[in-house]
Amino acid sequence: MNKNVSNLFEIAKKESRHIIGLMSGTSLDGLDIAFCEVFGSGSDTKINLKKFETIAYPDQFKEKIRKVFAKETIDFQYLTVLNEYIGSYHAQLINQFLDKHSLQKSEVDLIASHGQTVFHAPKLLHQLEEFSNATLQIGDGDHIAVKTGIITVSDFRQKHIAAGGEGAPLAVYGDFLIFSKKGENRIMLNIGGIGNFTFLPGSSSAEEVFVTDTGPGNTLIDAFTRLYFPEKSFDKNAELALKGTVNQQLLTELKSHAFFNQTMPKTTGPELFNINFVRNAQDITITNDLNPFDLLATLTRFTAETIAETIEQAVYQSENYTLYLSGGGMHNPLIIKWLRELLPSFTIGKSDDLGIDGNAKEAILFAILANETIAGNSTFFGDRLAIPSVSFGKISFPN
């Protein structure tokens, strides 16, 4: 037997596995690194987050990604070399993380790498008749495995698409395994570049779980903050938006896009919700002279309203729900204020209240996916293309 396969077999038999989960989102803030101990698998999964850090990306690295990010026309050679570059750079950051926290590579069983999304193309967005859903994450897992010396599970989203899904949101799998609670209806809302949520029924039945994207989270707010205030990468504490006033005419036009009338579940990305999307809406409403503060206030309200309205469409009005927040948007006080106003019957907290750091949640969820790939069995979510009952990821050996 190949020694790597033998090693993987031994890892699978352990009572618990030490897994590093990685997440690099569309906001391009940095690499989330979560060192977890994962006990058991399936509905018996337990998580202990031992170390967590977000290593901020330098501006030069962000610019390298933005050359291809969510663009239909790119330099194909540049994309090819960037795939290796990101994988190697992520490996470098992992090695730095291990050194900083005095961790030996032998203490880590697996790395779970999401990679860097550079283009998300569900059929509803690309509308090319002969092609199905597609998505592309780069930062090759082989480069991570070889340069860290640790078995790496990566490229999770392709299995979801191969089984009929859109490649997102994948949080549903980890959400169900570690957050479901009998007798409590839970909404696990993640506000990253794009907003998405998982509905976990109080019945704890996997076949009743629901997941969807809601539309923009932070992506438009971040893009226009960088455009008007180049020294800032995001609107910290909504300081800029709080100086503005919502333009109702523009808000109405933004919300009129066909995406919001499409049947759920659905996914999207910055390929749709970008600067051109907003500029087109401004042209229609003759609001091109809107000052930056009013524009950011309007975009922040756009995020809050589309999240709240999507949630309301997905739940039963006669039942009670608790909403748990995670992702960068949970730190935006204006989004949260408006969500409380728009969803007055919901109890709103953070995933931290359930013992999972909301900043680390996505990286942890990919560690759980890798754990299921190695040691679990796929949970049956019913015969639904949106949540295919499969295991995920490609396995890369270090040698």
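Coordinates for the structure precede this section.
Remember, it's a predicted structure, so these values are computed and weren't measured experimentally.

Peer 1: I keep staring at the layout of surface pockets and nothing clicks. Help me out?
Peer 2: Unfilled space is identified by rolling a water-sized probe across the atoms. By volume, the second largest pocket is sized at about 640 Å³. Considering the residues around the second largest pocket, the lining is formed by 24 residues, among which Arg66, Phe69, Ala223, Arg226 and Ile275 are closest to the centre. Breaking the lining of the second largest pocket down by element, the ones donating at least two residues are helix H2 (59–66), helix H8 (219–228) and helix H10 (275–285). Considering every element that reaches the lining of the second largest pocket, the biggest residue donor is H8, with 5 residues. For the lining of the second largest pocket, the class distribution of residues is 9 nonpolar, 6 polar and 9 charged.

Peer 1: Looking at this structure, how should I read the packing of helix H11 (residues 292–314) against helix H12 (residues 333–342)?
Peer 2: The description of two helices packed together rests on the angle between their axes and the distance between the axes. Interhelical geometry of H11 versus H12 gives an angle of 40° and a closest axis separation of 9 Å. On the basis of their axis angle, the class for H11 and H12 is oblique. H11 and H12 meet at a crossing whose hand is right-handed. The residues of H12 that touch H11, namely those facing Ala297, Thr300, Arg301, Thr303, Ala304, Glu305, Ile307, Ala308 and Glu312, are Leu334, Ile335, Trp338, Leu339, Glu341 and Leu342. Partitioning the contact of H11 with H12 into residue classes produces 9 nonpolar, 2 polar and 4 charged.

Peer 1: Explain the pairing of strand S7 (residues 186–191) here, please?
Peer 2: A regular strand carries its side chains on alternate faces of the sheet. S7 sits mainly inside the fold: 6 of its 6 residues count as buried. Going residue by residue along S7, you find Arg186, Met188 and Asn190 tucked away on one face and Ile187, Leu189 and Ile191 tucked away on the opposite face as well. When S7 meets strand S10 (residues 322–326), the two strands line up parallel, connected through 5 bridges. Counted as the bridge partner of Arg186 is Thr322 from S10.

Peer 1: Where do I start with the sheet that holds strand S9 (residues 210–216) in this structure?
Peer 2: To summarise the sheet geometry, strands pair through backbone hydrogen bonds and adopt either a parallel or an antiparallel arrangement. Taking strand neighbours across the sheet as the criterion, the 5 strands line up as S9-S8-S7-S10-S11 in an open arrangement whose pairing is mixed. The open sheet has two edge strands, S9 and strand S11 (347–350), and neither has a second partner. Averaged over neighbouring strand pairs, the angle between their axes works out to 20° when direction is ignored. Bridge count between strand S8 (residues 194–200) and S9: 6 bridges; the pairing is antiparallel. Within S9, the position partnered with Thr198 by the bridge is Val211. On the sheet, H11 packs against S7, S8, S9 and S10 and is oriented at approximately 155° with respect to S9.

What counts and how
- Per chain, residues are indexed from 1 in the order of the written sequence.
- Note on the predicted model: pLDDT of at least 70 is required for a residue's local features to be given, and 80 or more for side-chain atom pairs to be given and counted; whole-chain, interface and lining totals, by contrast, use all residues.
- Hydrogens and water are ignored here; the side-chain numbers use all heavy atoms of the structure.
- The rule is simple: put a 1 Å grid over the protein atoms alone, call a set of points where a 1.4 Å probe fits but cannot get out a cavity, call an open set with protein on both sides within 12 Å along at least five of seven lines a pocket, and count a residue as lining if it has an atom within 4 Å of a point.
- Grid points are joined across faces, edges and corners, and a volume is the space filled by probe spheres set on the points.
- Put simply, DSSP H or I for four residues or longer makes a helix, DSSP E for two residues or longer makes a strand, and each gets a number counted from the N terminus.
- Think of it as three bins: nonpolar holds Ala, Val, Leu, Ile, Met, Phe, Trp, Tyr, Cys and Pro, charged holds Asp, Glu, Lys and Arg, and polar takes everything else, Gly as well.
- Each axis is a line fitted through C-alpha atoms, taken for helices only over the stretch in contact, and angles between the N-to-C directions span 0 to 180 degrees.
- For classification purposes, angles smaller than 35 degrees are called roughly parallel, those larger than 145 roughly antiparallel, those between 65 and 115 roughly perpendicular, and all remaining angles oblique.
- Note: crossing handedness is left-handed where the near helix turns anticlockwise from the far helix by less than a right angle, and right-handed where it turns clockwise.
- By the convention used here, residues are in contact when the closest approach between their heavy atoms is within 4.5 Å.
- Relative accessibility decides the category of a residue: with a 1.4 Å probe and only protein chains considered, values under 20% of the type maximum give buried, values over 50% give exposed, and everything between is partly exposed.
- Between any two strands, pairing holds if DSSP finds at least two bridges.

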